[in-house]
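Given next are the chains, with one letter for each unit.
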Amino acid sequence: MRWLVFALVIAALYLGREVFAPLALALLFTIAAMPAVAWLERRRVPRIAAVLLVMVLFLSIIGGLVYVVLTQALALAGELPNYETVLRGKLQALSQEGSGPIERVVGLVKRLGEVMSPAEATPVQTVTVASADQGPLATLLSLAVVIIAPVATFAITFLLMAFILVQREDMRDRVLRLAGLHEMHRTTGAMNEATTRVGRFLLMQALMNGIFGLAMGLGLWSLGVPNAPLWGALGFALRFVPFLGAPLSMLFPLIVAFATTEGWHTVLMVIVLFAVVDVVVTYILEPWLYGSSMGITPLALLLASAFWAVMWGPLGLILAPAITACLVILGRHVRSLAFLDVLLGDTPPLSAPARFYQRLLADDSLGATALLSEEVGRKGLEPALDQMVMPAIAQISSDRPNEAFGPALAIRTSRTLTRVMEAVSQDGEGPADILVLPVAGALDHASAAAAVVALQESGQLATLVPTEAPRPGLVVLVAATDAPPRRLDRALATAMQLSDRVLIFAPTDEAAQALYRRPQTTPLVTLEALITEVEAAIGPGAALAEGQPEAA
């Protein structure tokens, strides 16, 4: 049923694109204009007058851009015949007989075509049908049809924008009523977040596009590229198109520089100018001024741009970022649409501990090490071990009895965790004062490796491998699973033979509960408790003082 509703919505959006596209554009303009209207109203300007002033401002900006583009385009069209000599010379240089790159490519294509073509080709007779000249009236009518359609769309858009700005409270209340009064807090939160985030994004995007267009226009003017204001205005407008707008804004002045300037210096400088301006605006100014993104992943924005371009054409391509951001916000506030936030939003779908555990399950020790190192860089080693490694050990212990998990996967995951711990461990200088011994099994071994890393971070000389050095001052026995009593007794006896002092570390609830039931065994269940007890027995980084044997 849900998929049927989804298909019906898609079909309605596509079939009703002549209505929905202008409405979506009007809502976008309304969100952009709402702060200005509210600012005027706070200064006691009547609402109708405030809306009219903002509408005049919008029309002036758009009209100015259209005027610049049209006048500069007409001027360029009139000047192009003067550059025919330069263009002809460059094309001849590229296609010199037998030596130019274009000539070589054309020759290669011709030779391949001769090899693949049949030996005797049947001549094909072509018939050319001369079409009658349409005449000036028909040409004017065709031009009027081309111009009237976008003009009508923008006229409807601005009428809707004016109506929504004047009646915005009424529109808001109707949306709240349709959403349901019992969910008013969710609807209000979604509307406020959408208005704030999309409005700020549009304002910052317009500012960044203006900086981009101005920098490109001034740079092209300084390079001597004709009609630099035209390319600056096109850069401002085209950059609203995700991914493709900025490269397209460079393509047109690059062609003009190729056709109108001698040599190749100007062409190369246009490419350098675009690279510098785009890098500065995209990677320096935008992150600095935006503060936060639209909350959309780049892949989601790319797919959404392609989808809305198919649905609504070029207008959908421009509206794609704002529509996608609204869908993400809707998914964050409406439980039944939470999948939209997961699919499109830039919020990590998995927490850091879950991602770390997933990398262990996938036997990806390099990926798990990278995640752990990233967490260590943010919080420190001990918090990272406590928040990522110890939950992973507990999860392996909890999943091990499940039939779908099984002992084989538990062993493989534990060994992967051991490799991760070995990668982040530090080799101390001198003989180790503390020997960490696993009771049995791969999970115990991984837990012992984690205990060694934690003790090393606290300044202790700890090792997992017995050495030929003098007896260690302390042995930490690690039990992460409910080991059989005989095996645990044998491990305790081995530990007591190696040192007079033994501590038992049980990082999982299963092992801790089993040890609590045994007499004279009190396990330590956290890394913090283990480090505290070790420092109490040995001291921070000092050798163990002589004393009586003890078992924790």
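Residues numbered from 1 in each chain as written. Predicted model: local features only at pLDDT ≥ 70, side-chain atom pairs only at ≥ 80, totals over all residues. Heavy atoms only, no water.

Visitor: Would you mind going over the layout of surface pockets in detail, with residue names and values included?
Guide: Volume-wise, the second largest pocket comes out at about 1,800 Å³. Counting only elements with at least two residues in the lining of the second largest pocket, the list comes to α2 (17-42), α3 (47-79), α6 (135-166), α8 (184-223), α9 (228-238) and α13 (314-333). Tallying contributions element by element places α2 first for the lining of the second largest pocket, with twelve residues. Residues that form the lining of the second largest pocket fall into these classes: 42 nonpolar, five polar and two charged. (1 Å grid on protein atoms, 1.4 Å probe; cavity = no way out; pocket = protein on both sides within 12 Å on 5 of 7 lines; lining within 4 Å. Points joined across faces, edges and corners; volume = space filled by probe spheres on them. Helix = DSSP H or I, 4+ residues; strand = E, 2+ residues; numbered from the N terminus. Nonpolar A, V, L, I, M, F, W, Y, C, P; charged D, E, K, R; others polar.)

Visitor: How would you explain the environment of Phe163 if you had to name every residue and give the values?
Guide: With respect to the secondary-structure elements, Phe163 resides in helix α6. Among the residues examined, Phe163 registers a relative accessible area of 48% and is labelled partly exposed. Taking C-alpha positions, Phe163 is 9.6 Å from Thr30, a pair spaced 133 residues apart along the chain. (Buried < 20%, exposed > 50% of the residue type's maximum accessible area, 1.4 Å probe, protein only.)

Visitor: Let's hear about a negative patch on the surface: which residues, and what values?
Guide: A contiguous patch of negative charge on the surface is contributed by Glu382, Asp386, Glu457 and Glu528. Relative to the helices and strands, Asp386 resides in helix α17 (residues 381-399). (Patch = residues over 30% accessible without salt bridge, like charges linked within 9 Å, V, L, I, M, F, W, Y side chains within 5 Å. Areas by Shrake-Rupley, 256 points an atom, 1.4 Å probe, with all protein chains shown as cover. Salt bridge = Lys/Arg side-chain N within 4 Å of Asp/Glu carboxyl O. Lys, Arg positive; Asp, Glu negative; His and termini not counted. Charge placed at Lys NZ, Arg CZ, Asp CG, Glu CD.)

Visitor: Account for the confidence of the model for the protein chain, naming residues and giving values.
Guide: On average, residues of the protein chain score 81 in pLDDT, and 83% of them are at 70 or above. Element-level mean pLDDT values for the protein chain span from 42 in strand β5 (residues 550-551) up to 92 in helix α15 (residues 352-361). Predicted confidence is poor over residues 126-133, with pLDDT under 50, and the contacts of this stretch with residues over four places away or in other chains come to zero contacts. With pLDDT under 50 throughout, residues 542-552 is counted as low confidence; its partners more than four residues away or in other chains account for 24 contacts. (pLDDT = per-residue confidence, 0-100. Contact = heavy atoms within 4.5 Å.)

Visitor: Quick rundown of α17? Include the residues and the values.
Guide: In this model α17 runs 26 Å from its N-terminal to its C-terminal C-alpha over 19 residues, within 8% of the 27 Å that 1.5 Å per residue would give. At Val389, α17 is bent by approximately 25 degrees, the largest bend along its length, and proline Pro391 sits one to four residues beyond. Turning to α17, its buried residues are Leu381, Ala384, Leu385, Met388, Val389, Met390, Ala392, Ile393, Ile396, Ser397 and Asp399. (Expected span 1.5 Å × (residues − 1). Bend = angle between axes of the 7 residues up to and from the residue.)

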